[in-house]
Amino acid sequence: MGAGGQLTETGSSVYTWKDVQRHSSRNDQWLVIDRKVYNITQWANRHPGGFRVIHHYAGEDATEAFTAFHPDKKFVQLFLKPLLIGELVETEPSQDRQKNAAAIKDFQALHAHAVCQGLFRSRPAFFLAHLAHILLLEVLAWTLVWIWGTSWPLTLLCAVLLAIAQSQTGWLQHDFGHLSVFKTSKWNHILHKFLIGHLKGASANWWNHRHFQHHAKPNVFSKDPDVNMLRFFVIGATQPVEYGTKKVKRLPYNHQHLYFFLVGPPLLIPVYFHIQIMHGMISRRDWVDMAWSMSYYLRYFSCYVPLYGLLGSIALVIFVRFLESHWFVWVTQMNHLPMDIDYEKHQDWLTMQLQATCNIEQSFFNDWFSGHLNFQIEHHLFPTMPRHNFHRVAPRVRALCEKHNIPYQVKSLRRGLADVIRSLKASGDLWLDAYLHK
């Protein structure tokens, strides 16, 4: 029997929420799924999604996150069964803390409806068509300079085509990484490694461990790695005041909306992500992902060294990463950076995701340009749903939000991009005011 638990007449242990919440440290982790209490302390390091993402739910109810991330719950239950230590006391509510019980119940009903409507079933032809257009872009880019030469105009066109291919591959690997294409996890994982490794030169495990944390606790400091700005930026409404009050001035944050153009979009992928990916694979001895990554560079240099030489080929791939990085940063930040960014509030799934995400208007271009992440709300609520079904569930999500008075934001693409800069300026102004006057 765990600490704080009681024995029922049947011999099973029962716990209160206070009992569970005492076990939220790295070396002592409990969580609750469907009122069952699990001790995940020893197993967390073996969690396929990484130990951090499961630790983010230590000491609290993880039912909604568990449902969202695992399309085959029966299979995952096989791993959970040995970790079961008891259940909640019958008089305890199913939700912990101040989570909205009515919103949780209604969202569960919406999820069940989406399953019955087949919205979690994918159309493989949709994703095959996206892969075909990526491969076509890569072949076209190489063919242009192979046939007509490596003049500056053709080289620039080649780089643009490769950048488009890289960006679209990024959106496509995202689909497989979320297990939203094939019924079996195995084939999703294999194609994910092929796309992010062989076609992009990155690491599937690095992406999984980072991205699932973002989905589990979006815009939550110390839990979402996407809001870890390494003190280059202050974001949201809480952090700027905190830094200003403590007189933290690593950079002139009141001008961050200006220097963002110099250190944000240009450097994220070619510098920060590249270093992080290589360091991660080497430090974890992830030789499988390293082999996939090296296969990309072997293929790339085999194609372009004969045309540009070694140094020219390196310069070309850096420029491609530079272009891709701009695309990636603007698309991903317009959905999250202008939204609420704060410390852990222990909210229910619907409320937490809607406060951290917004949508961009639907159009053929916006869908393609963002990899359907213009439906960021629906993607965050249903991360394993195939992206071609987001528009079908969106009206029901909006209706549910209206019922519970939860803001459901939809912006134009232009406003979404502009709000990135507006939010940085607003946060910078908060920092300056706190720095000067508090």
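Residues numbered from 1 in each chain as written. Predicted model: local features only at pLDDT ≥ 70, side-chain atom pairs only at ≥ 80, totals over all residues. Heavy atoms only, no water.

Caption draft 1: View of the packing of helix 6 (residues 124–148) against helix 13 (residues 287–334). Orientation of helix 6 relative to helix 13, taken along the N-to-C sense of each, is 20 degrees, at an axis distance of 10 Å. In this view, helix 6 runs roughly parallel relative to helix 13, as classed from their interaxial angle. Crossing hand, helix 6 versus helix 13: left-handed. Across the interface between the two elements, E138, A141, W142, V145 and W146 from helix 6 touch R299, C303, Y304, L307 and Y308 from helix 13. (Axes fitted to C-alpha atoms, helices over the stretch in contact; angles between N-to-C directions. Helix = DSSP H or I, 4+ residues; strand = E, 2+ residues; numbered from the N terminus. Parallel < 35°, antiparallel > 145°, perpendicular 65-115°, else oblique. Left-handed = near helix turned anticlockwise from the far one by under 90°. Contact = heavy atoms within 4.5 Å.)

Caption draft 2: A look at the pattern of salt bridges. On inspection of all chains with the given rule, the structure shows 20 salt bridges. Where E138 meets R299, a salt bridge forms, and the shortest distance between an N and an O atom there is 2.8 Å. Residue E138 is located in helix 6, and its partner R299 is located in helix 13; the two are separated by 161 residues in the primary sequence. Take E138: its relative accessible area is 12%, and that puts it in the buried class. Relative accessible area serves as the criterion here: at 24%, R299 is assigned to the partly exposed category. Ionic pairing is found between R210 and D226, a salt bridge with its closest N-O pair at 3.4 Å. With R210 in helix 9 (residues 204–216) and D226 in the loop between helix 9 and helix 10 (238–245), this residue pair connects regions lying 16 residues apart in the sequence. D226 gets classed as partly exposed once you look at its relative accessible area, which sits at 28%. (Salt bridge = Lys/Arg side-chain N within 4 Å of Asp/Glu carboxyl O. Buried < 20%, exposed > 50% of the residue type's maximum accessible area, 1.4 Å probe, protein only.)

Caption draft 3: Region of interest: the packing of aromatic side chains. Applying the stated rule across the entire model yields 37 aromatic pairs. With a centroid separation of 5.9 Å and an interplanar angle of 65 degrees, the aromatic rings of F233 and F260 are classed as edge-to-face. Taken together, the residues F233 in the loop between helix 9 and helix 10 and F260 in helix 11 (residues 256–263) connect sequence positions 27 residues apart. Neither F233 nor F260 differs from the other in exposure class; each is buried. Ring pairs connect the aromatic residues Y296, Y297, Y300, F301, Y304 and Y308, which therefore count as one cluster. In this structure, K217 is placed above the aromatic ring of Y57, and the distance from its NZ or CZ to the ring centre is 4.2 Å. Taking the ring centre of Y435 as reference, the NZ or CZ of K247 above it sits at 5.4 Å. (Phe/Tyr/Trp six-rings, centres within 6.5 Å; stacked < 30°, edge-to-face > 60°. Lys NZ or Arg CZ within 6 Å of the ring centre and 35° of its normal.)

Caption draft 4: How the structure looks around the pairing of strand 6 (residues 84–88). Pairing of strand 2 (residues 13–15) with strand 6, which is carried by two bridges, proceeds in the parallel orientation. Its bridge partner lying in strand 6, V14 is registered against E87. (Pairing = 2+ DSSP bridges.)

Caption draft 5: Up close: the nonpolar core. Counting residues in each nonpolar core, the largest one holds 108 residues, and the members touching the most others are I235, Y304, L316, W349, L350, L381 and V397. In terms of residue count, the dominant contributor to this core is helix 13 (14 residues). Ignoring anything within four residues of it in the chain, the contact list for L350 reads A103, F107, L381, L400, C401 and I406. Grouped together as the second largest cluster of nonpolar side chains are seven residues, Y15, V20, W30 and V37 included. (Core = buried A, V, L, I, M, F, W, Y, C linked by side-chain atoms within 4.5 Å.)

Caption draft 6: Focus on a positive patch on the surface. A cluster of basic residues, R121, R123, K183 and R392, forms a positive patch on the protein surface. For K183, a relative accessible area of 84% corresponds to the exposed category. (Patch = residues over 30% accessible without salt bridge, like charges linked within 9 Å, V, L, I, M, F, W, Y side chains within 5 Å. Areas by Shrake-Rupley, 256 points an atom, 1.4 Å probe, with all protein chains shown as cover. Lys, Arg positive; Asp, Glu negative; His and termini not counted. Charge placed at Lys NZ, Arg CZ, Asp CG, Glu CD.)

Caption draft 7: The arrangement of the pairing of strand 5 (residues 36–39) in detail. Direction of pairing for strand 4 (residues 28–33) relative to strand 5: antiparallel, over a ladder of four bridges. Residue pairing for strand 5: V32 is matched across the bridge by V37. Joining the antiparallel neighbours strand 4 and strand 5 is a turn of two residues, in which D34 adopts a positive phi near 50 degrees. Note: strand 5 against strand 6, three bridges, orientation antiparallel.

Caption draft 8: Just a nonpolar patch on the surface, in detail. On the surface, L230, F232, L262, V263, L267, V271 and I275 cluster together into a nonpolar patch covering about 580 Å² of accessible area. Where the nonpolar patch is concerned, the elements lending two or more residues are helix 11 and helix 12 (268–283). Looking at where L230 falls in the secondary structure, it is placed in the loop between helix 9 and helix 10. Looking at L230, the relative accessible area reads 37%, which means it is partly exposed.

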